[in-house]
Amino acid sequence: MQQRHHPLLSASLGTQREIISYHFGENCPRQVYIQAALHGDELPGVAVAWYLKQKFSELEAAGHLLAQVTLVPVANPLALGQHWHGSHLGRFDVHSGQDFNRRFPALGPSLVTQLSSVLTQDITQNRQLIRDAIQHYFDAHQPVTELESQRHTLMRMACQADLMIDMHCDWEAIPHLYTTPQAWPDIEPLARYLGSAVQLVAEVSGGEPFDEACCEPWQHLQRTLGDRFPLPQGLKPVTLELRGVRDVSHSQAQQDAEAIINALIRGGYIAGTAAELPPLIHPAMPLAACEYIATPHSGVILHRRDIGEWIKPGEVVADILDPLTDQLTPLQAEHGGLLYARHWMRFATTGMLVTRLAGTDAIREGNLLVP
Ligand SMILES: [Zn+2]
């Protein structure tokens, strides 16, 4: 195992943050990248990463790694340091207001310019040329803020991989994941081992999140140069939502780490025999089929239905109570679906997103992720 330090651009005098990455299985052409807590306050994946670090060390020592593995257990030191009088403020950068998992750069067009005259008829060689061009892109595009520098550091490592696993969690949620239609067949075993209940698939979900930005260079090259050169399939991304923010425990982390190892064995990234493949809980569904239920006024959230329940059209998922006017407003599902996530807070401001349901038919368009 190698440990590498990546100093970030310092935001202010006297401070210096860094990303620390762990590398296993040098000299393997296939690459896997795994990170945790890009939103800062989403800790289940950090615990999983710690268990993975030990497992990868053992697998490397035993000579069982068939891929280079890069592991970043703490992907967002900026957000980990954001506290306001005892409350941890993840998700948004307090300086810019930006979501930490948005606005990642699109490398594709720049890579086409770099590579269109140098690619060959050898797919292996082309994979290396693309990886070199990604390095070159980040050498040539210097970040100007600490946040940008964090984004560049993570993406430089991640988007060269064949498989990228980004570990997040939701507010209160059953395990679910996001991926692309192209990647889904390769991601399905991981969904099964993890017991992922909802598999949300979208070509473009909007906002340039990390997972899509990491596979964009490969897809863009395939679209623009794929008819002239043999190109590798490229990065398969998956964003795991490992339940809710409070679902952090030894036993769950061990179980999830074991699931990831089994999926990596099945994917040929690790030698060995994978555990028997469990059934897929629910088939993949379009991210556009999710119904987001928001409250029309402020008040106390009184949930009527729990995560994991199926909600029919017209059923009430929660009431919003205003004890001053005695108004009790039921929040009704319009389309229905599996209640896979709901807010952990019990006080709602007007317009706040309270509950999310995963349906089967597309009902939304545009930006599909939670704003
Ligand atoms: Zn997140």
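Residues numbered from 1 in each chain as written. Predicted model: local features only at pLDDT ≥ 70, side-chain atom pairs only at ≥ 80, totals over all residues. Heavy atoms only, no water.

A. How the structure looks around the layout of surface pockets. The calculated volume of the largest pocket comes to roughly 960 Å³. The wall of the largest pocket is formed by 40 residues, among which His39, Glu42, Arg91, Cys169 and Trp171 lie closest to the centre. If you list the elements that add at least two residues to the lining of the largest pocket, you get strand S6 (87-88), strand S7 (163-170), strand S9 (176-179), helix H7 (210-225) and strand S11 (236-244). Top element by residues in the lining of the largest pocket is S11. It accounts for 4 residues. Counting only domains with at least three residues in the lining of the largest pocket, you end up with domain 1 (2-282) and domain 2 (288-358). What lines the second largest pocket is a set of 19 residues, and nearest its centre among them are Arg30, Asp186, Lys236, Gly267 and Tyr269. Mapped by element, the contributors of at least two residues to the lining of the second largest pocket are S7, helix H6 (184-194) and helix H8 (250-266). Classifying every residue of the lining of the second largest pocket by side-chain character gives 10 nonpolar, 3 polar and 6 charged. (1 Å grid on protein atoms, 1.4 Å probe; cavity = no way out; pocket = protein on both sides within 12 Å on 5 of 7 lines; lining within 4 Å. Points joined across faces, edges and corners; volume = space filled by probe spheres on them. Helix = DSSP H or I, 4+ residues; strand = E, 2+ residues; numbered from the N terminus. Domains from an automatic or database assignment. Nonpolar A, V, L, I, M, F, W, Y, C, P; charged D, E, K, R; others polar.)

B. Geometry of the pairing of strand S18 (residues 337-342). In terms of burial, S18 is largely enclosed, as 6 of its 6 residues are buried. The pairing of strand S15 (residues 310-311) with S18 spans 2 bridges and is classified as antiparallel. Bridge pairing links Trp310 to Leu338 in S18. Inspection of the sheet shows S18 paired to strand S20 (residues 353-358) by 4 bridges, in the antiparallel sense. Counterpart to Leu339 in the pairing with S20 is Leu357. (Buried < 20%, exposed > 50% of the residue type's maximum accessible area, 1.4 Å probe, protein only. Pairing = 2+ DSSP bridges.)

C. Molecular detail of the coordination of the zinc ion. Of the protein atoms, only His39 (ND1), Glu42 (OE), Glu42 (OE) and His168 (ND1) coordinate the zinc ion, at distances of 2.0 to 2.5 Å. Viewed at the metal, the 4 donor atoms of the zinc ion are separated by angles of 55 to 149 degrees, and the geometry they form is irregular. Linear spacing of the donor residues for the zinc ion on their chain is H-x2-E-x125-H. In this structure His39 comes out as buried when scored by relative accessible area, which is 3%. The exposure class of Glu42 is buried, given its relative accessible area of 7%. (Donors = N, O, S within 2.8 Å, 3.2 Å for Na, K, Ca; no water. Tetrahedral: all angles 85-135°; square planar, octahedral: opposite > 155°, others 65-115°.)

D. View of empty space enclosed by the protein. Summed over the entire model, instances satisfying the criterion amount to 1 cavity of 30 Å³ or more. Reported here for the largest cavity is a volume of approximately 40 Å³. Secondary-structure elements contributing two or more residues to the lining of the largest cavity are helix H1 (44-61), S11 and H8. A per-element tally of the lining of the largest cavity places H8 first, with 3 residues.

E. A look at the sheet that holds S7. Across the sheet, which stays open at both edges, the 9 strands sit in the order S1-S2-S4-S3-S7-S11-S9-S10-S12 with mixed pairing between neighbours. Unpaired on one side and paired on the other, strand S1 (2-7) and strand S12 (284-286) mark the two borders of the sheet. Each adjacent strand pair in this sheet contributes to an overall mean axis angle of 25 degrees, direction not counted. Pairing geometry for S1 and strand S2 (residues 18-24), over 6 bridges, is antiparallel. Within the sheet, the bridge partner assigned to Gln3 lies in S2 and is Tyr22. (Axes fitted to C-alpha atoms, helices over the stretch in contact; angles between N-to-C directions.)

F. Focus on the environment of Leu89. Position of Leu89 among the secondary structure elements: in the loop between S6 and helix H3 (108-115). Among the residues examined, Leu89 registers a relative accessible area of 33% and is labelled partly exposed. Distance from Leu89 to Arg364, taken between C-alpha atoms, is 29 Å for residues 275 residues apart in sequence. Once you skip the residues sitting within four places of it in the chain, Leu89 turns out to touch Ala79, Gln82, Trp84 and Val94. (Contact = heavy atoms within 4.5 Å.)

Keep in mind these numbers describe shape, not what the thing actually does.
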